[in-house]
Amino acid sequence: MKKVCNRNMLFAAILCLQLNVVAAFGQTVVKGSVKDNTGKPVSGVVVTDGAHFKTTDAQGNYVLNTDPARYPMVYISTPADYELPSKEGVADGFYQYLDAKKSENQCNFVLTKRQKPADEFVYIAISDPQVRNEKQLNRFRTETVPDLKQTADSLKNFEIVGMGLGDLVWDAMNLYAPYRQAVSNLGITMFQLMGNHDFNLLYKSMTQTDHPADGYGEQNYYQSFGPANYSFNIGKIHVIAMKDIDYDGNKKYTERFTPEDLDWLRKDLSYVPEGSTIFLNVHAPVANNTVSAGGNARNANALFQLLRPYQVHIFSGHTHFYENQQPAPTIYEHNIGAACGAWWAGHVNRCGAPNGYLVVEVKGDDVKWRYKATGCSPDYQFRLHKPGEFESQKDYVVANIWDWDRTYTINWYEDGVLKGAMQAFDDEDQDYINMVKGKKTGYHTRHLFRAQPAKGTKSVKVVVKNRFGEIFTKEVKL
């Protein structure tokens, strides 16, 4: 009993010293606990303010020194053994705001223990809803959201996690609340991250702001959805959301990770065993190699160095076209099509990929995915054009296979006879050109394939086999 008292007195003395030190520099001590819903302490939980990290002790307690003007929240990385905190289906309760006027903040977290491990779950990545007004918000509500709900209902035997990959709105801070309402209660735990249009355009980003109390670009997002850089764990997967937009204010920005972003990631990964599977979510892509499209984070190599010890899937948006790349043997990037396509101009992205989102099935460390086109069957995985329909390829049957990567096989049949592999080529997508009434942009997608049928051919069939051995078939009559 005496040892317990002495230990408690020592803890109190250390805390008092910390309070005195940080008060002298205008900072705050945050102390608190992480417990389960029965009151049992949860040890080893990672706690951060976005720069500094601690883990809870055996009693579930932590103490963290911070500057609340610069780091306005403290938050946890939910362990895999516990349910993901949410409110009405939107991720919530894993972060708490700090009171900068107090020299000490108390932030306690309560987690619910899982009844069984979530080694099998579904992950849905959604890029660029990008609503700028009520008309576009209504399209998101009436097209994307019902489709998401239908997908969730078809997968209701699994836990479903969603991630909005940024550009949730289009510089319209007033639409955060209706966006949040739109993605609530879908049978999905919805997380979000920041895109270039999610900053308040009146201000620079926090790292460029000398006096955050006067306003900073992330402020509206923080108030609506919590931190910009955070992580959580589900099953065997460590999920990370990160900001890779450095915002200069007034719609000007650079796609890059700041030194502070990379330092946060390095510290977050220090708690993750090497060899683990990571889902990294960012807005701007990091490995897209279509030069004319651009949009890559400028310092992606620094990111790759941190990720190399892990098995990584990167999910990104920003470009409004679809491209899969593998910048390293253990890193695969899915730069997916946008929910809004080409900025709600119609029903396709600039590359011809339909408006939609990516559905990822996870079993342990096994990851399998399929793009879901809004309003279409899950088996709708490519589009086929007859000769004469694709303006620049008038003599060819053309296939646009948006989720293509180098593991695919694409064969074609002429009147039932196998003719071999279709020929890959790059060009501007005809559906996009038609959607924008013939206005060409010069962007050439690389997931186009063609075959030239002989004169007199009555039908052409195309058979697409993806990396998982799934087969998709379309046939056109000539």
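Residues numbered from 1 in each chain as written. Predicted model: local features only at pLDDT ≥ 70, side-chain atom pairs only at ≥ 80, totals over all residues. Heavy atoms only, no water.

A tally of regular secondary structure across the protein gives 7 helices and 31 strands. Counting only C-alpha atoms, the protein reaches 95 × 45 × 40 Å along its principal axes. In the protein, 68% of the contacts between residues at least 6 apart in sequence involve partners at least 24 apart. (Helix = DSSP H or I, 4+ residues; strand = E, 2+ residues; numbered from the N terminus. Contact = heavy atoms within 4.5 Å.)

What follows is about unusual backbone geometry. Even without being glycine, His 318 reaches a positive phi, approximately 80°. In this structure, His 318 sits in the loop between strand S19 (311–316) and strand S20 (323–328). Taking relative accessible area as the criterion, His 318 reaches 12% and is therefore assigned buried. Unlike most non-glycine residues, Trp 344 shows phi in positive territory, near 60°. As for its position among the elements, Trp 344 is in the loop between strand S21 (331–335) and strand S22 (356–363). (Buried < 20%, exposed > 50% of the residue type's maximum accessible area, 1.4 Å probe, protein only.)

Taken as a whole and judged by the stated rule, the model has 25 aromatic pairs. Ring plane angle 40° and centroid distance 5.5 Å describe the contact between Tyr 123 and Phe 315, whose orientation is recorded as tilted. Here Tyr 123 is found in strand S11 (residues 120–126), whereas its partner Phe 315 is found in strand S19, with 192 residues between them in sequence. Considered together, Tyr 123 and Phe 315 belong to a single accessibility category, that of buried residues. Here the aromatic rings of Tyr 221 and Phe 225 are separated by 5.4 Å at their centres, their planes lie at 50°, and the arrangement is tilted. Taken together, the residues span about one helical turn, with Tyr 221 and Phe 225 both in helix H4 (residues 219–225) at a distance of 4 residues. Grouping residues by exposure puts Tyr 221 and Phe 225 together as buried. The ring centre of Tyr 413 lies 4.8 Å from the NZ or CZ of Lys 461, which sits over that ring. (Phe/Tyr/Trp six-rings, centres within 6.5 Å; stacked < 30°, edge-to-face > 60°. Lys NZ or Arg CZ within 6 Å of the ring centre and 35° of its normal.)

Here we come to helix H2 (residues 134–154). For H2, built from 21 residues, the straight-helix expectation of 30 Å at 1.5 Å per residue is met to within 8% by its first-to-last C-alpha distance of 29 Å. By the largest-angle criterion, Arg 141 marks the main kink of H2, which is about 30°. Residues of H2 that are buried: Gln 136, Leu 137, Arg 139, Phe 140, Thr 144, Val 145, Asp 147, Leu 148, Thr 151 and Ala 152. Buried residues belonging to H2 abut S11, strand S12 (159–164), helix H3 (176–182), S22 and strand S23 (366–373). At the N-terminal end of H2, a side-chain oxygen is found 3.2 Å from the backbone nitrogen of Lys 135, two or three residues along, and the residue is Asn 133. (Expected span 1.5 Å × (residues − 1). Bend = angle between axes of the 7 residues up to and from the residue. Polar contact = N/O pair within 3.5 Å; in protein donor to acceptor, adjacent residues only side chain to side chain.)

This part is about the pairing of strand S26 (residues 409–414). Residues in a regular strand project their side chains so that they alternate between the two faces of the sheet. Side chains Ile 410, Trp 412 and Glu 414 project from S26 onto a buried face, and the interleaved Thr 409, Asn 411 and Tyr 413 project onto a face without burial. Relative to strand S30 (residues 459–465), S26 runs antiparallel, the two sharing 6 bridges. Pairing of Ile 410 across the sheet is with Val 464, part of S30. Of the pairings in the sheet, the one linking S26 to strand S27 (residues 417–421) comprises 4 bridges and is antiparallel in character. Among the inter-strand pairings, Tyr 413 is bridged to a residue of S27, identified as Leu 418. With antiparallel pairing between neighbouring strands as the criterion, S26 and S27 make up a hairpin whose turn holds 2 residues, including Asp 415 at a positive phi of roughly 50°. (Pairing = 2+ DSSP bridges.)

The next thing to look at is the pattern of salt bridges. Per the counting criterion, the structure on display carries 20 salt bridges. Glu 159 is paired through a salt bridge with Arg 114; the nearest N and O atoms lie 2.6 Å apart. Taken as a pair, Glu 159 in strand S12 and Arg 114 in the loop between strand S10 (109–111) and S11 lie far apart in primary sequence, 45 residues in all. On the accessibility criterion, Arg 114 (12% relative accessible area) is buried. Taken together, the shared-partner salt bridges connect Lys 368, Arg 370, Asp 379 and Glu 470 into one network. (Salt bridge = Lys/Arg side-chain N within 4 Å of Asp/Glu carboxyl O.)

For the rest of this paragraph, the subject is the environment of Gly 456. Its place among the elements puts Gly 456 in the loop between strand S29 (445–451) and S30. For the pair formed by Gly 456 and Leu 478, sequence separation is 22 residues and the distance between their alpha carbons is 8.6 Å.

Once that is clear, we can look at the domain arrangement of the protein. If you check the domain split of the protein, you get domain 1 (26–79 + 96–109), domain 2 (118–371) and domain 3 (380–475). Computed over C-alpha atoms only, the centres of domain 1 and domain 3 are separated by 54 Å. (Domains from an automatic or database assignment.)

Where helix H5 (residues 259–269) meets helix H6 (residues 300–307), the closest approach of the two axes is 10 Å, and the angle between their N-to-C directions is 10°. In terms of orientation, H5 and H6 fall into the roughly parallel class. From H5, Leu 262, Leu 265, Arg 266 and Leu 269 reach across to H6, where they touch Ala 302, Leu 303, Leu 306 and Leu 307. (Axes fitted to C-alpha atoms, helices over the stretch in contact; angles between N-to-C directions. Parallel < 35°, antiparallel > 145°, perpendicular 65-115°, else oblique.)

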